[in-house]
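# Remarks on the overall topology
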Amino acid sequence: MSANDRPTGQQQTSTVAESAFLKACRREPVPHTPVWFMRQAGRSLPEYLKVREGIPMLDSCMRPDLVTEITLQPVRRHRVDAAILFSDIVVPLRAIGIDLDIKPGVGPVIAEPIRTRADLQRLRPLEPDDVRYVTESVGALVGELGATPLIGFAGAPFTLASYLVEGGPSRNHEHTKAMMYGDPQLWADLVDRLADITAAFLTLQIEAGASAVQLFDSWVGALAPADYRRSVMPASAKVFDAIAGHGVPRIHFGVGTGELLGLMGEAGADVVGVDWRVPLDEAARRVGPGKALQGNLDPAVLFAPREAVEAKAREVLTAARDLPGHVFNLGHGVLPSIDPDALTRLVEFVHTSTQR
Ligand code: CP3
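One structure accompanies this document, and this report is about it.

What counts and what doesn't
- Residues numbered from 1 in each chain as written.
- Predicted model: local features only at pLDDT ≥ 70, side-chain atom pairs only at ≥ 80, totals over all residues.
- Heavy atoms only, no water.
- Helix = DSSP H or I, 4+ residues; strand = E, 2+ residues; numbered from the N terminus.
- Rg over C-alpha atoms; globule rule 2.2 N^0.38 Å.
- Contact = heavy atoms within 4.5 Å.
- Areas by Shrake-Rupley, 256 points an atom, 1.4 Å probe, with all protein chains shown as cover.
- Lys, Arg positive; Asp, Glu negative; His and termini not counted.
- Charge placed at Lys NZ, Arg CZ, Asp CG, Glu CD.
- 1 Å grid on protein atoms, 1.4 Å probe; cavity = no way out; pocket = protein on both sides within 12 Å on 5 of 7 lines; lining within 4 Å.
- Points joined across faces, edges and corners; volume = space filled by probe spheres on them.
- Phe/Tyr/Trp six-rings, centres within 6.5 Å; stacked < 30°, edge-to-face > 60°.
- Near = heavy atom within 4 Å.
- Polar contact = N/O pair within 3.5 Å; in protein donor to acceptor, adjacent residues only side chain to side chain.
- Pairing = 2+ DSSP bridges.
- Expected span 1.5 Å × (residues − 1).
- Buried < 20%, exposed > 50% of the residue type's maximum accessible area, 1.4 Å probe, protein only.

The next point concerns the overall build of the chain. Across its full length, the chain carries 16 helices and 9 strands. Over its C-alpha atoms the chain spans a radius of gyration of 19 Å, differing by no more than 12% from the 21 Å that the globule rule assigns to 356 residues. Based on the C-alpha atoms only, the size of the chain along its principal axes is roughly 55 × 45 × 40 Å. Within the chain, residue pairs in contact and separated by at least 24 positions form 73% of the contacts whose partners lie at least 6 positions apart. Approximately 14,000 Å² of the chain is accessible, and the part contributed by carbon and sulfur atoms is 51%. Each charge class in the chain can be summarised by its mean position, and for the 36 positive and 43 negative side chains these summaries are 3 Å apart.

Listed below in structure tokens is the structure:
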């Protein structure tokens with residue numbers, strides 16, 4: 001069954017360009033507030049666990065048949081307004097030959113961390129041939145999705161650098177900050193190389209048919225604004241500049257970024273993703289004019305009873321009421337142990353309570 005066999009949020013519209021999601025990103029009037037979820041494809045779905053059985057995460061990202069199926073699963077089930085490509089932020093790093101794995105329950109683990117100038121040589125540019133399976137998957141999905149937009153994505157230079165320098169997930173980013181403060185030139189060269197890889201990865205997804213892209217800077221909330229501006233913003237801005245000419249909405253997301261929202265807007269995105277710690281009306285003041293916002297229900301709220309979820313979702317919608325562009329999302333990814341029906345009900349709630 002393709003995603004089009006079931007009614008979705010875009011039932012009334014007939015093209016991707018007229019979808020509620022892209023309209024909201026462009027800050028145009030919408031028929032209803034569009035909604036999708038970060039990490040909507042994945043472990044909260046039994047049909048995902050079934051097709052992934054016995055197949056390592058990164059291997060599944062390299063199989064267009066699986067990528068297509070897993071990307072479509074949440075669109076069919078929840079009737080979200082956009083699909084997000086099933087992949088991972090470390091896919092382009094592995095594609096250029098970095099020895100890494102995604103360990104279940106842990107995250108990306110790098111065999112030999114990048115710590116010296118000599119190590120930088122291992123970060124060669126990404127060529128389209130390195131990730132043919134991604135282009136092929138995007139092409140197949142665009143055919144299947146019809147009027148539902150596909151979001152491509154990549155990791156932002158800081159978040160990728162943190163995994164590469166630490167060698168894996170990190171609470172304090174010790175080695176990363178040691179490099180950033182101790183050898184600013186090496187750090188600048190590292191994030192500049194990562195910006196080029198990220199820009200190339202996003203470009204090939206856009207050229208294959210992705211209707212929007214999201215830059216995930218998940219861990220950048222670990223930085224103070226002055227350090228973000230000096231050491232990270234130039235690399236993230238380089239990514240946004242490199243893809244500006246394609247005219248697709250560029251979304252910029254991080255966690256714990258309340259103090260960084262203004263700078264993240266300045267870095268060049270069209271849509272700024274907000275976690276649950278800052279209400280969207282306040283986030284809009286911090287981001288400044290001319291940007292749409294995405295967010296920001298606390299993902300853990302979904303463990304509460306339906307009435308409580310709806311009350312919290314209504315708070316989000318009320319805070320976003322006067323914004324010209326709002327894409328409803330969680331403030332971070334779907335938690336793996338959530339009941340998928342809670343997500344389906346939330347999509348329906350957002351659609352029905354914002355019908356215009
Ligand atoms: O959003 C989606 O549904 C699309 C797919 C997607 C995945 N990873 C699949 C995935 C996206 C957009 C990502 C991005 C990603 N990957 C980020 C940024 C988003 C965020 O959550 O902040 C980060 C930091 C990563 C790195 C990563 N990969 C982590 C932290 C983990 C989780 C480790 C674990 O098992 O707890 C992964 C693995 C991963 N990526 C899974 C999925 C579905 C789980 C793999 C599995 O099924 O075992």
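Taken as a whole, this structure holds 2 cavities of 30 Å³ or more when the rule is applied. Its boundaries defined by the atoms lining it, the largest cavity holds a volume of some 50 Å³. If you trace the largest cavity, you find it lined by Leu302, Ala304, Arg306, Val309, Glu310, Ala342, Arg345 and Leu346. Those elements giving two or more residues to the lining of the largest cavity turn out to be helix 15 (306-319) and helix 16 (340-354). Taken as a whole, the second largest cavity holds about 40 Å³ of empty space.

With that settled, consider the packing of aromatic side chains. Counted according to the given criterion, the structure contains 4 aromatic pairs. A network of ring pairs unites the aromatic residues Phe153, Phe216 and Phe253 as a single cluster.

Moving on: the site of the ligand. In the region of the ligand, 26 residues are neighbours, and Arg39, Tyr48, Gly105, Ser218 and His332 sit closest. Backbone polar atom of alanine 41 to an oxygen atom of the ligand: 2.9 Å apart, as the coordinates give it. Within the contact set of the ligand, an oxygen atom lies 2.7 Å away from a side-chain nitrogen or oxygen of histidine 332. For the ligand, whose accessible area on its own is 870 Å², the fraction buried by protein is 91%.

Attention shifts here to the sheet that holds strand 5 (residues 212-216). Reading across from one edge, 1-4-5-6-7-8-9 is the order of the 7 strands in this open sheet, with parallel pairing throughout. Of all the strands in the sheet, just strand 1 (83-84) and strand 9 (326-330) have a single pairing partner and so form its edges. Pairing geometry for strand 5 and strand 6 (residues 250-253), over 4 bridges, is parallel. When the sheet's bridge partners are listed, valine 213 is paired in strand 6 with arginine 250.

An ideal rise of 1.5 Å per residue puts 21 Å on 15 residues; helix 16 measures up with 22 Å between its terminal C-alpha atoms. Looking at the buried residues of helix 16, the elements they touch are helix 2 (46-52), helix 4 (64-78), strand 8 (292-297), helix 15 and strand 9. Structurally, the start of helix 16 carries an N-cap: the backbone nitrogen of aspartate 341 is 2.9 Å from a side-chain oxygen of aspartate 339.

With omega at -10 degrees, the peptide bond leading from glycine 295 into asparagine 296 counts as cis. By secondary structure assignment, the location of asparagine 296 is in strand 8. Here arginine 27, not a glycine, exhibits a phi torsion of approximately 65 degrees, which is positive. Among the secondary structure elements, arginine 27 is positioned in the loop between helix 1 (20-25) and helix 2. The exposure class assigned to arginine 27 is partly exposed, which follows from its relative accessible area of 33%.

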